[in-house]
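If you want the building blocks of each chain, they are given just below.
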Amino acid sequence: MAVAVRARCVFLGAPGAGKGTQAKKVAEAASIAHISTGDMLRAQVAAGTPLGAEAKSFMDAGKLVPDQVIIAMVQARIAEPDAREAWILDGFPRTLPQAQALDGTLSGASAVSHVIYFDVPESVLVGRLTGRRTCGKCGAIWHVDNHPTKVADVCDNCGGGLVQRSDDRLEAITQRLEQYRTLTAPLLAYYRERGVLREIDANRSPSVVYEELLNLMQ
Ligand code: AMP
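In what follows, the accompanying structure is described. (Residues numbered from 1 in each chain as written. Predicted model: local features only at pLDDT ≥ 70, side-chain atom pairs only at ≥ 80, totals over all residues. Heavy atoms only, no water.)

**A closer look at the pairing of strand 1 (residues 8-13)**
Thinking step 1. Counting buried residues along strand 1, six of its six residues qualify, which places the element largely inside the surrounding structure.
Thinking step 2. Along strand 1, one buried face is formed by Arg8, Val10 and Leu12 and the opposite face, lined by Cys9, Phe11 and Gly13, is buried too.
Thinking step 3. In the sheet, strand 1 pairs with strand 3 (residues 87-90) via four bridges, with the strands oriented parallel. Note on strand 3: the bridge partner recorded for Val10 is Leu89.
Thinking step 4. Across five bridges, the pairing between strand 1 and strand 4 (residues 114-119) is parallel. Counted as the bridge partner of Val10 is Val115 from strand 4. (Buried < 20%, exposed > 50% of the residue type's maximum accessible area, 1.4 Å probe, protein only. Helix = DSSP H or I, 4+ residues; strand = E, 2+ residues; numbered from the N terminus. Pairing = 2+ DSSP bridges.)

**Quick word on the site of the ligand**
Thinking step 1. Taken together, 16 residues form the shell around the ligand, and within it Thr37, Arg42, Lys63, Gly91 and Gln98 come nearest.
Thinking step 2. A distance of 2.8 Å separates a nitrogen atom of the ligand from a polar atom in the side chain of Thr37.
Thinking step 3. Val65 is positioned such that a nitrogen or oxygen atom in its backbone is 3.0 Å from a nitrogen atom of the ligand.
Thinking step 4. Burial of the ligand by the protein amounts to 96% of the accessible area it has alone, namely 480 Å².
Thinking step 5. Among the elements that line the shell around the ligand, the one with the most residues is helix 2 (residues 37-47), at four residues. (Near = heavy atom within 4 Å. Polar contact = N/O pair within 3.5 Å; in protein donor to acceptor, adjacent residues only side chain to side chain. Areas by Shrake-Rupley, 256 points an atom, 1.4 Å probe, with all protein chains shown as cover.)

**Notes on the pairing of strand 4**
Thinking step 1. Burial of strand 4 is extensive: five of the six residues sit out of reach of the surface.
Thinking step 2. In terms of strand pairing, strand 4 meets strand 8 (residues 197-201) through five bridges, oriented parallel. Residue pairing for strand 8: Ile116 is matched across the bridge by Arg198.

**Focus on the environment of Ala185**
Thinking step 1. Counting through the fold element by element, Ala185 comes out in the loop between helix 7 (170-184) and helix 8 (187-193).
Thinking step 2. Each C-alpha atom, one on Ala185 and one on Tyr117, is 9.9 Å from the other, the two residues being 68 residues apart in sequence.

**Describing the pattern of salt bridges**
Thinking step 1. Using the criterion set out here, one finds 18 salt bridges in the structure.
Thinking step 2. Among the ionic pairs, Lys150 bridges to Asp156, the shortest N-O distance being 3.9 Å.
Thinking step 3. On the accessibility criterion, Lys150 (76% relative accessible area) is exposed.
Thinking step 4. A salt bridge links Arg165 to Asp167; the nearest nitrogen and oxygen atoms lie 3.0 Å apart.
Thinking step 5. You can call Arg165 buried: its relative accessible area is 19%.
Thinking step 6. Here the salt bridges do not stand alone but share partners, grouping Arg132, Arg165, Asp167, Asp168 and Arg176 into one network. (Salt bridge = Lys/Arg side-chain N within 4 Å of Asp/Glu carboxyl O.)

**Considerations on the packing of helix 6 (residues 122-130) against helix 7**
Thinking step 1. Across the interface, helix 6 lies against helix 7 with an axial gap of 11 Å and an inter-helix angle of 140°. Relative to helix 7, the element helix 6 is oriented oblique. Remark: the crossing between helix 6 and helix 7 carries right-handed chirality. Together, Glu122, Leu125, Val126, Leu129 and Thr130 of helix 6 and Leu170, Ile173, Arg176, Leu177 and Arg181 of helix 7 make up the contact between the two elements. (Axes fitted to C-alpha atoms, helices over the stretch in contact; angles between N-to-C directions. Parallel < 35°, antiparallel > 145°, perpendicular 65-115°, else oblique. Left-handed = near helix turned anticlockwise from the far one by under 90°. Contact = heavy atoms within 4.5 Å.)

**Points about the packing of helix 1 (residues 19-30) against helix 9 (residues 206-216)**
The description of two helices packed together rests on the angle between their axes and the distance between the axes.
Thinking step 1. At a minimum axis distance of 11 Å, the contact between helix 1 and helix 9 shows a crossing angle of 55°. For the element pair helix 1 / helix 9, the angle class is oblique. For the pair helix 1 and helix 9, the sense of crossing is right-handed. When helix 1 is examined against helix 9, the residues Gln22, Lys25, Val26 and Ala29 are found in contact with a partner set consisting of Pro206, Val209, Tyr210, Leu213 and Leu214.
Thinking step 2. Of the residues in the contact of helix 1 with helix 9, the class split is seven nonpolar, one polar and one charged. (Nonpolar A, V, L, I, M, F, W, Y, C, P; charged D, E, K, R; others polar.)

Here you go:
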C-alpha cells in the first residue's frame, strides 16, 4: 500500500535490528530513495571494482570500512536526482566523523529530519543474524526460523536462491557488535542533543514495527 513519507531519515541501530528490512519496505511504499551503504558495498564487491576489493577485507572481518571511503560514496549517492527530497539512510552514519560529514554535506531544508533508533537487546541480535538469509536475485530478507520461505533456500517472491552473507558468521558478528558498541552507539547522544532522535522498540514483529515506524516518520 502506498504511504506518504517525505522525511530525510537515518535508521540507526545494531546489525540485525531490522533496519534493512524496514527501510526497503518503507522506501518502496513511499517511493523514496533507500540508501544502504552495506548494499552499495556488496554491489561493489560483486562487480569486482577497486572499491569493492578494498572494502571486502574489512567487511568479512566484521570491521567498518574507513570513513573517507564511505563518506565519498554517500556524498555522491545523495547528490543523485532521486535523493533530492526524501530518503532513508540505512547503515550510515556509523561513526562520529561520518555524522559530522553528513551534517556538513546537507544544510538547511535538506538536513536530516528524523533519526530512528531501532532498539533490540543484544541477545536477540545474534540469533537474528546467524539465521538471516538474503535472496541473491531480488534482495528480499528471510530468516530460517522467524521468517522462513515456503521452500527451503528458495525466495517466495522471485524464486531466486537464498544466500548467507559472509559476515553473518559468528566470529564476524561478534566483531560487528563490538564495532557498533564502540563506534556507532555514541551517535545516539549526538542526535539526541540535536533533537531529531526517535526510538522504536524493534524487538517485535516486522508488521508491528512497520506501522509504528510510519507514524514516527511523519
Ligand atoms: P550492513 O549491511 O549495513 O550490515 O553493512 C555490512 C558491512 O559493510 C559492515 O559490517 C561494514 O563493514 C560495511 N559498512 C556498511 N556501512 C558502513 C559505514 N557507514 N561505515 C563503515 N562501514 C560500513
